[in-house]
Amino acid sequence: MRTFTIYRSDSYQNKYSVDFHESVQISCADDLKAANDKDFVFACMNGRRCRANAVSADCLIIDIDQSISLAEFHQIYGRYEYYSFTSRNHQKPKSTDPT
């Protein structure tokens, strides 16, 4: 599978993490699993984490919230090479209010 880069912070499960300065090359599922001990983003940031500061990314991220199940995703996209994992908020109830 193709190698991609994630950018890690110094903390874990800190919703206020803003500095993602450590770049880590991911080339297999074990690399991704090992890197998941810190908060991370998939884009190189120019400053704090926000859309305006995203500089570049070398992978495509698809975030699925309540639209299809993981099984349906695997069925639809199974012909492609990809890594899939759930976020730490995967099992938390989500608001159904679209506003």
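Residues numbered from 1 in each chain as written. Predicted model: local features only at pLDDT ≥ 70, side-chain atom pairs only at ≥ 80, totals over all residues. Heavy atoms only, no water.

**Considering the pattern of salt bridges**
Part 1: The tally for this structure, following the rule as stated, stands at two salt bridges.
Part 2: The partner of Asp 37 in a salt bridge is Arg 8, and the shortest N-O contact between them spans 2.4 Å. Residue Asp 37 is found in the loop between α1 (29–35) and β3 (40–41), and its partner Arg 8 is found in strand β1 (residues 4–8); the two are separated by 29 residues along the sequence.
Part 3: For Asp 37, a relative accessible area of 43% translates into the label partly exposed.
Part 4: A relative accessible area of 9% means that Arg 8 is categorised as buried.
Part 5: Each of Arg 8, Glu 22 and Asp 37 takes part in one network of salt bridges that share partners. (Salt bridge = Lys/Arg side-chain N within 4 Å of Asp/Glu carboxyl O. Helix = DSSP H or I, 4+ residues; strand = E, 2+ residues; numbered from the N terminus. Buried < 20%, exposed > 50% of the residue type's maximum accessible area, 1.4 Å probe, protein only.)

**A closer look at the packing of aromatic side chains**
Part 1: Going through the model one piece at a time under the given rule, you end up with six aromatic pairs.
Part 2: Plain terms: the ring middles of Phe 4 and Phe 42 are 6.3 Å apart, the flat faces sit at 35° to each other, and that makes the pair tilted. Of the two residues, Phe 4 is situated in strand β1 and Phe 42 in the loop between β3 and β4 (44–45); the sequence distance between them amounts to 38 residues. In this structure, Phe 4 and Phe 42 share a single accessibility class: buried.
Part 3: Ring geometry for Phe 4 and Tyr 83: centres 5.7 Å apart, planes at 55°, overall tilted. Within this pair, whereas Phe 4 is found in strand β1, its partner Tyr 83 is found in the segment after α2 (70–77), the two being separated by 79 residues in sequence. (Phe/Tyr/Trp six-rings, centres within 6.5 Å; stacked < 30°, edge-to-face > 60°.)

**Quick look at the side chain of Thr 5**
Part 1: If you trace the backbone, Thr 5 turns up in strand β1.
Part 2: Of note is the side chain of Thr 5, whose polar atom sits 2.8 Å from the side chain of Gln 25.
Part 3: Residue contacts for Thr 5: discarding those within four places in its chain leaves Ser 23, Val 24, Gln 25, Phe 42 and Asp 58. (Polar contact = N/O pair within 3.5 Å; in protein donor to acceptor, adjacent residues only side chain to side chain. Contact = heavy atoms within 4.5 Å.)

**Looking at the environment of Glu 22**
Part 1: Inspection of the secondary structure assignment puts Glu 22 in strand β2 (residues 22–26).
Part 2: Sequence separation between Glu 22 and Thr 5 is 17 residues; the distance between their C-alpha atoms is 10.0 Å.
Part 3: Ignoring anything within four residues of it in the chain, the contact list for Glu 22 reads Ile 6, Tyr 7 and Arg 8.

**Observations concerning the sheet that holds β3**
Part 1: An order of β2-β1-β3 is seen for the three strands of this open sheet, with the pairing classed as antiparallel. Whereas interior strands pair on both sides, the edge strands pair on one side only; in this sheet they are β2 and β3.
Part 2: Where β1 lies against β2, five bridges are found, and the strand directions are antiparallel. Across the sheet, residue Thr 5 finds its bridge partner in β2, namely Gln 25. (Pairing = 2+ DSSP bridges.)

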